[in-house]
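Close look at the chain arrangement
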Amino acid sequence: MAVNYDALAVDYQAYRIPDRRISEKINTHLENAGSVLNVGAGTGSYEPRHCKVVALEPSQEMISKRGIDKAEAILGSAENIPFQDDAFEIAMGILTIHHWRNLPRGLAEMKRVARRKVVLLTWIDDSPRFWMQDYFPEMRDIDHQIFPTLTELESYLGNIKVEVVEIPEDCTDGFMCAYWKRPAAYLDHRVRAAISTFSRMSDYEAGLAKLKDDLESGEWKSKYGQLLEMNSLDLGYRLVVSEKNA
Ligand SMILES: C[S@@+](CC[C@H](N)C(=O)[O-])C[C@H]1O[C@@H](n2cnc3c(N)ncnc32)[C@H](O)[C@@H]1O
């Protein structure tokens with residue numbers, strides 16, 4: 001099922017607050033940049049403040065939700081970036097590539113406009129089974145179809161370096177796996193509305209009802225309680241960096 005990005009934008013900023021620890025990781029790859037293009041920029045999460053930034057985003061609703069302190073935003077898509085070759089030092093794309101209509105074309109466009117490197121945050125399907133899949137079995141299939149593998153990314157980008165991004169227990173950016181240690185959060189429809197994978201599922205009501213029952217009965221804790229000992233977890237999120245002259 002297609003995602004309505006304007007609908008996703010409604011409460012996006014309330015539930016998708018950039019996480020400080022993830023931001024620090026992203027920023028280590030943006031240091032010393034004079035200019036950055038943020039592709040699939042949404043409301044502007046993780047945009048650096050130390051340099052000139054231009055945001056490219058296809059949803060007018062997302063653009064309208066950007067604060068006045070945010071970088072200039074242009075309506076447009078990754079597949080057809082309206083800038084000349086080498087117009088920016090770095091092109092970044094955070095949790096966006098799985099939404100694109102044509103990934104190889106979008107990544108070729110990012111490479112074309114970036115003089116130095118392309119920086120992506122994405123999800124890679126090589127992580128251990130996550131408890132949410134027990135409640136929402138469609139999730140893995142959907143994510144498997146829309147997220148590229150590292151091999152695919154390498155074939156589109158050339159050289160890549162990959163860095164694990166562990167998700168903190170109190171992650172403020174409410175993406176799909178962010179509430180791994182706070183399962184009751186998924187029972188809140190506003191939390192789900194800020195997560196596009198839920199809108200791609202054909203039916204998740206039965207999974208939600210089971211999750212609610214298992215939280216109330218203690219079944220969730222007896223099955224997955226070992227997670228409550230952890231402060232952060234590798235759930236498959238990866239920073240992928242491709243240097244042009246490496
Ligand atoms: C999950 S949001 C991520 C937004 C932002 N990067 C962030 O980290 O909060 C995915 C974004 O990708 C955008 N998007 C969807 N299709 C796109 C495309 N073909 N090219 C560029 N961006 C696209 C959506 O409109 C949405 O704003």
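A short tour of the structure in this document, coming up. All of these numbers come straight from a predicted model, not from anything done at the bench.

With that settled, consider the site of the ligand. The environment of the ligand is formed by 19 residues, the closest being Tyr 12, Gly 40, Glu 57, Ile 94 and Thr 96. The separation between a nitrogen atom of the ligand and a polar side-chain atom of Glu 79 is 2.9 Å. Here the ligand has 590 Å² of accessible area as a free molecule, and 98% of this is covered by the chains. Considering only residue class, the shell around the ligand consists of 10 nonpolar, seven polar and two charged.

Let us look at unusual backbone geometry. Trans is the common state for peptide bonds, and a negative phi is the common state for residues other than glycine. The backbone of Asn 32 shows a phi angle near 65 degrees, a positive value even though the residue is not glycine. You will see that Tyr 46, though not glycine, has its phi angle at about 70 degrees, which is positive. Among the secondary structure elements, Tyr 46 is positioned in the loop between β1 (35-39) and β2 (52-57).

Considering all chains together, one arrives at 14 aromatic pairs under this definition. On the numbers, 5.4 Å between centres and 65 degrees between planes, the contact of Trp 123 with Phe 147 is edge-to-face. In this pair, Trp 123 sits in strand β5 (residues 114-123) while Phe 147 sits in the loop between α7 (138-146) and α8 (150-157), placing the two residues 24 residues apart along the sequence. On the basis of relative accessible area, Trp 123 is assigned to the buried category, the value being 5%. Since its relative accessible area comes to 12%, Phe 147 is described here as buried. With a centroid separation of 5.1 Å and an interplanar angle of 80 degrees, the aromatic rings of Phe 198 and Tyr 204 are classed as edge-to-face. Among the aromatic residues, those joined into a ring-pair cluster are Phe 130, Trp 131, Tyr 135, Phe 136, Tyr 179, Tyr 186, Phe 198, Tyr 204, Trp 220 and Tyr 224.

So, on to helix α11 (residues 205-217). Relative to the 18 Å expected for 13 residues at 1.5 Å per residue, α11 spans 18 Å between its end C-alpha atoms, a close match to the ideal helical length. Among all positions of α11, only Gly 207, Leu 208, Leu 211 and Asp 214 are buried. Down the axis, α11 shows its buried residues gathered within 130 degrees of arc, on one side only. The exposed set on the far side of α11, more than 90 degrees from its buried face, consists of Ala 206, Glu 216 and Ser 217. In the core, the buried residues of α11 are packed alongside α6 (132-135), α9 (189-193) and α12 (219-224). The first or second residue beyond α11 is Gly 218, which carries a positive phi of 90 degrees.

Where charged atoms from two side chains of opposite charge come close, those side chains can pair. Considering all chains together, one arrives at 21 salt bridges under this definition. A network of salt bridges, in which partner residues are shared, links Asp 19, Arg 21 and Asp 170.

Grouped together as the largest cluster of nonpolar side chains are 51 residues, with contacts concentrated most on Ile 22, Trp 131, Met 132, Ile 167, Met 176 and Tyr 237. Contributing elements (two or more residues each) for this core: α3 (20-27), β4 (88-94), β5, α6, α7, α11, α12 and β9 (237-243). Discounting chain neighbours no more than four positions away, the residues touching Ile 22 are Tyr 46, Leu 121, Val 165, Ile 167, Cys 171 and Phe 175. Counting residues in each nonpolar core, the second largest holds 22 residues, with Val 54, Leu 107, Ile 160 and Val 240 among its members.

This part is about the environment of Ser 196. Tracing the chain through its elements places Ser 196 in helix α10 (residues 196-200). Sequence separation between Ser 196 and Met 176 is 20 residues; the distance between their C-alpha atoms is 8.0 Å. For Ser 196, the contacting residues outside a window of four places in its chain are Val 3, Leu 8, His 98 and His 99.

Calculation rules
Residues numbered from 1 in each chain as written. Predicted model: local features only at pLDDT ≥ 70, side-chain atom pairs only at ≥ 80, totals over all residues. Heavy atoms only, no water. Near = heavy atom within 4 Å. Polar contact = N/O pair within 3.5 Å; in protein donor to acceptor, adjacent residues only side chain to side chain. Areas by Shrake-Rupley, 256 points an atom, 1.4 Å probe, with all protein chains shown as cover. Nonpolar A, V, L, I, M, F, W, Y, C, P; charged D, E, K, R; others polar. Helix = DSSP H or I, 4+ residues; strand = E, 2+ residues; numbered from the N terminus. Phe/Tyr/Trp six-rings, centres within 6.5 Å; stacked < 30°, edge-to-face > 60°. Buried < 20%, exposed > 50% of the residue type's maximum accessible area, 1.4 Å probe, protein only. Expected span 1.5 Å × (residues − 1). Arc of directions from axis to C-beta. Contact = heavy atoms within 4.5 Å. Salt bridge = Lys/Arg side-chain N within 4 Å of Asp/Glu carboxyl O. Core = buried A, V, L, I, M, F, W, Y, C linked by side-chain atoms within 4.5 Å.

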